[in-house]
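# Coordinates in review
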Amino acid sequence: MADDYGILRRTAELATEYLRSLPERPVKSGMAAAELRRELITALPAAGEEPQAVIEHLAEVGGRAAVAMAGPRYFGFVIGGALPPALAADWLTSSWDQNAGLYAGGPAASVVEEAVGAWLLELFGLPPASGFGLVTGCQMAHFTCLAAARTAVLERAGWDVTGRGLFGAPEVEVVVGDEAHSTVLSALQYLGLGRDRVHTVATDSQGRIRLRELEKVLARIPHRDPLIVNLQAGNVNTGSFDPICAAIDLVRRREGAWVHVDGAFGLWAAVSPQLRPLLDGVELADSWATDAHKWLNVPYDSGLAFVADADAHVKAMAPPHASYLEYGQERDEVSWVPEFSRRARGFPIYAALRTLGRDGVREMVEHCCALARHMAAQLGQVDGVEILNDVVLNQVLVRFIPRGDGNISGARGDDFTHDVVRRVQEDGTLWLSGTTWHAMAAMRISVSNWSTTLEDADRSVEAILRCAGR
Ligand SMILES: *Cc1c(COP(=O)(O)O)cnc(C)c1O
């Protein structure tokens, strides 16, 4: 009898080969879209093909086209790699193939979620009785948390949004900083709260909300209106934090208001005594959204939603009971997330947290921040290279000024900065992207990978300066 599973050993070899090549492979795709289409888009085969051949082809083409996002010199967006034990647990997760919606569909998946939920609440210093849900990313974490917010603030106004929806409901007022991440706005869009009717609060040079502006915005909102306020811990460009404690103080003067915190990567600052002050007062919020696939370095996709009021969380998420489902005393995950059938997302997080321990998580976060400061210092001492942000976390914003141009914010600086970003992307030593910061083109550097070394940082600085002709 043929061994149907024989293919897995070979696949593990191919995957390991790819992973071992990460530190030295060019950090850009080796294939253009047209070439990929030629390789991958064929007529649907009438007869099935040989599994080994299909997987070898996929490994070859997929691997060649892959951007070394999991590697040590990928500084684009905010992207983690995959810690080997977390990846190993992810392989097991696929092999067990549990439907982790109900305890009955995967008892270990449910209990492991209990374990990681408690560990993470402890690690972040959040109220231990909070509800938590393991979702696909921070986008769905916002959705989950803001759904709980919507439920709670409307319930306080005597309205049952779960049963009746928003038709005829009191208006919910939503306040966000003008630097709020787009996923907060899309969560509002999905929830019927509207992404354009928000009240926006002006921010400062680092992207932090201004307290005086928050005060003014709050003063304009009728006192009895249900109110949700979004704060940010970790601006996607600068890494800056809203003044959380003082902002919560202001919001708490209004009874029944809900404070949500977008801490996609910034919430991880809580694990470091050195960085923790940036989050002062964060535990006083009502809900928190973050990612495990960014700074915890587990494979995609993995986001985390925490809600202090566990009842509101369940009310917002639990589906209506159907007669064929086996709900029980144990944790049925569907009660905490917007999904029904779902992946057992707890295992890779469990493996990451157990193998790192509290100290390991702290070291990983602090190491990334130290490398970000190092890169900013190396780049910033060069003539015509400006660091635009205070490097308080793992994010660096860089601007390049052409020789002989004294105008830091001028159009020539924009063109030159765009050019340097493009050249770096073509060079392939590292990958990063551009952004616009306060009407200026800038290069973004985000250090979020467990395997990035000081040597990677130096090699990257050298390549950036070479591409800038310095
Ligand atoms: C990445 C990010 C998000 C979105 O997270 P996903 O995991 O991509 O859904 C939200 N907010 C901030 C600040 C982010 O950096």
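Just above sits the structure.
Notes on the structure follow. (Residues numbered from 1 in each chain as written. Predicted model: local features only at pLDDT ≥ 70, side-chain atom pairs only at ≥ 80, totals over all residues. Heavy atoms only, no water.)

### Focus: the site of the ligand
Stated precisely, the cut-off is as follows: Residues are classed as near a molecule or strand on a simple rule: at least one heavy atom within 4 Å of it. A 3.5 Å cut-off defines polar contacts: any pair of N or O atoms within that distance qualifies, except that in protein one atom must be a possible hydrogen donor and the other a possible acceptor, and neighbouring residues in sequence count only when both atoms are side-chain atoms. Accessible surface is estimated by sampling points in the Shrake-Rupley manner with a 1.4 Å probe; for residues, cover comes only from the protein chains shown. The numbering of helices and of strands both runs from the N terminus, where a helix is a DSSP run of H or I of at least 4 residues and a strand a run of E of at least 2. Basically, the charged four are Asp, Glu, Lys and Arg, the nonpolar ten are Ala, Val, Leu, Ile, Met, Phe, Trp, Tyr, Cys and Pro, and anything else, Gly included, counts as polar.
Taken together, 14 residues form the shell around the ligand, and within it Q139, D262, D291, H293 and K294 come nearest. In this structure, an oxygen atom belonging to the ligand sits 2.8 Å away from a main-chain N or O atom of Q139. In isolation the ligand has 380 Å² of accessible area, and contact with the protein removes 85% of it. Here the shell around the ligand gets 3 residues from one element, more than from any other, and that element is helix α6 (residues 138-156). Taken together, the residues of the shell around the ligand sort by class into 4 nonpolar, 7 polar and 3 charged.

### Section: the pattern of salt bridges
Cut-off, in case you're wondering: What counts as a salt bridge is simple: a side-chain nitrogen of Lys or Arg found within 4 Å of a carboxyl oxygen of Asp or Glu. Buried residues are those whose accessible area, probed at 1.4 Å on protein chains only, stays under 20% of the maximum for their type, while exposed residues exceed 50% and partly exposed ones sit between those limits.
Inspection of every chain in the model, using the stated rule, returns 29 salt bridges. The partner of E171 in a salt bridge is R197, with the nearest N and O atoms 3.0 Å apart. Pair noted here: E171 is in the loop between α7 (161-164) and β2 (173-177) and R197 is in the loop between α8 (182-190) and β3 (199-201), with a separation of 26 residues, a long-range link. Among the residues examined, E171 registers a relative accessible area of 52% and is labelled exposed. Judged by relative accessible area, R197 falls into the partly exposed class, the value being 35%. Residue R345 is joined to D301 by a salt bridge in which the shortest nitrogen-to-oxygen separation is 3.5 Å. Separated by 44 residues along the polypeptide, R345 in the loop between α11 (310-317) and α12 (346-380) and D301 in the loop between β6 (287-291) and β7 (303-307) bring together distant segments of the chain. Owing to a relative accessible area of 7%, R345 belongs among the buried residues under this scheme. Residue classification places D301 among the partly exposed positions, given a relative accessible area of 31%. In this structure, a network of salt bridges that share partners links the residues E113, D301, R331, E339, R342 and R345.

### What about a nonpolar patch on the surface?
Put simply, the test is: Within the patch definition used here, like charges are joined within 9 Å and nonpolar side chains (Val, Leu, Ile, Met, Phe, Trp, Tyr) within 5 Å, considering only residues with over 30% relative accessible area and no salt bridge.
Among the surface-exposed residues, L40, I41 and L58 lie close enough to one another that they form a single nonpolar patch of about 300 Å² accessible area. With a relative accessible area of 47%, L58 lands in the partly exposed category.

### Some thoughts on unusual backbone geometry
Across the junction of Y300 and D301, the peptide omega takes the value -5 degrees, indicating a cis bond. At N297, a residue that is not glycine, the phi angle is positive and equals roughly 60 degrees. Its location among the elements puts N297 in the loop between β6 and β7. A relative accessible area of 0% means that N297 is categorised as buried.

### Remarks on the sheet that holds strand β4 (residues 227-232)
Threshold: The criterion for strand pairing is that DSSP finds at least two bridges linking the strands in question. Axis definition: a line fitted to C-alpha atoms, over the contacting stretch in the case of helices. Angles run 0 to 180 degrees between N-to-C directions. Only heavy atoms matter for contacts: two residues are in contact if any of them lie within 4.5 Å across the pair.
If you walk across this open sheet you meet the 7 strands as β1-β7-β6-β5-β4-β2-β3, and the pairing is mixed. Two strands bound the open sheet, and with one partner strand each, they are β1 (131-135) and β3. The average undirected angle you get between the axes of adjacent strands in this sheet is 20 degrees. In this structure, β2 lies alongside β3, joined through 3 bridges in parallel fashion. In the strand pairing of β3, V175 is matched with H199. Helix α9 (residues 211-220) rests against β2, β3 and β4 of the sheet, and its axis sits at about 160 degrees to β3. Across the face of the sheet, helix α10 (residues 244-252) comes into contact with β4 and β5 (258-262) while running at roughly 175 degrees to β4.

### Here we look at the state of the cysteines
Let me state the cut-off plainly: Defined by distance alone, a disulfide is two cysteine sulfur atoms within 2.5 Å.
With the rule as written, the count across this model stands at 0 disulfides. Residue C145 stays outside any disulfide, its sulfur separated by 8.2 Å from that of C138, the closest cysteine.

### Observations regarding the sheet that holds strand β10 (residues 433-437)
As summarised here, the arrangement of the 4 strands in space is β8-β9-β11-β10, forming an open sheet in which the pairing is antiparallel. Of all the strands in the sheet, just β8 (385-387) and β10 have a single pairing partner and so form its edges. On average, each strand axis in the sheet is inclined to that of its neighbour by 40 degrees, with strand direction left out of account. As paired strands, β10 and strand β11 (residues 440-446) are joined by 5 bridges and run antiparallel to one another. Along β11, the bridge assignment pairs W437 with M440.

### Quick notes on the packing of helix α13 (residues 411-427) against helix α14 (residues 454-467)
Cut-off, in case you're wondering: Here the word oblique covers every angle except those under 35 degrees (roughly parallel), over 145 (roughly antiparallel) and from 65 to 115 (roughly perpendicular). Should the near helix be turned anticlockwise from the far one by less than a right angle, the crossing is termed left-handed; should it be turned clockwise, right-handed.
At their nearest, the axes of α13 and α14 sit 9 Å apart, and the two run at 125 degrees to each other. By the angle between their axes, α13 is oblique relative to α14. Classified by chirality, the crossing of α14 by α13 is right-handed. Facing α13, whose interface residues are V420, R423, V424 and D427, α14 presents A463, I464, R466 and C467. Of the residues in the contact of α13 with α14, the class split is 5 nonpolar, no polar and 3 charged.

So yeah, pure geometry; function would need other evidence.
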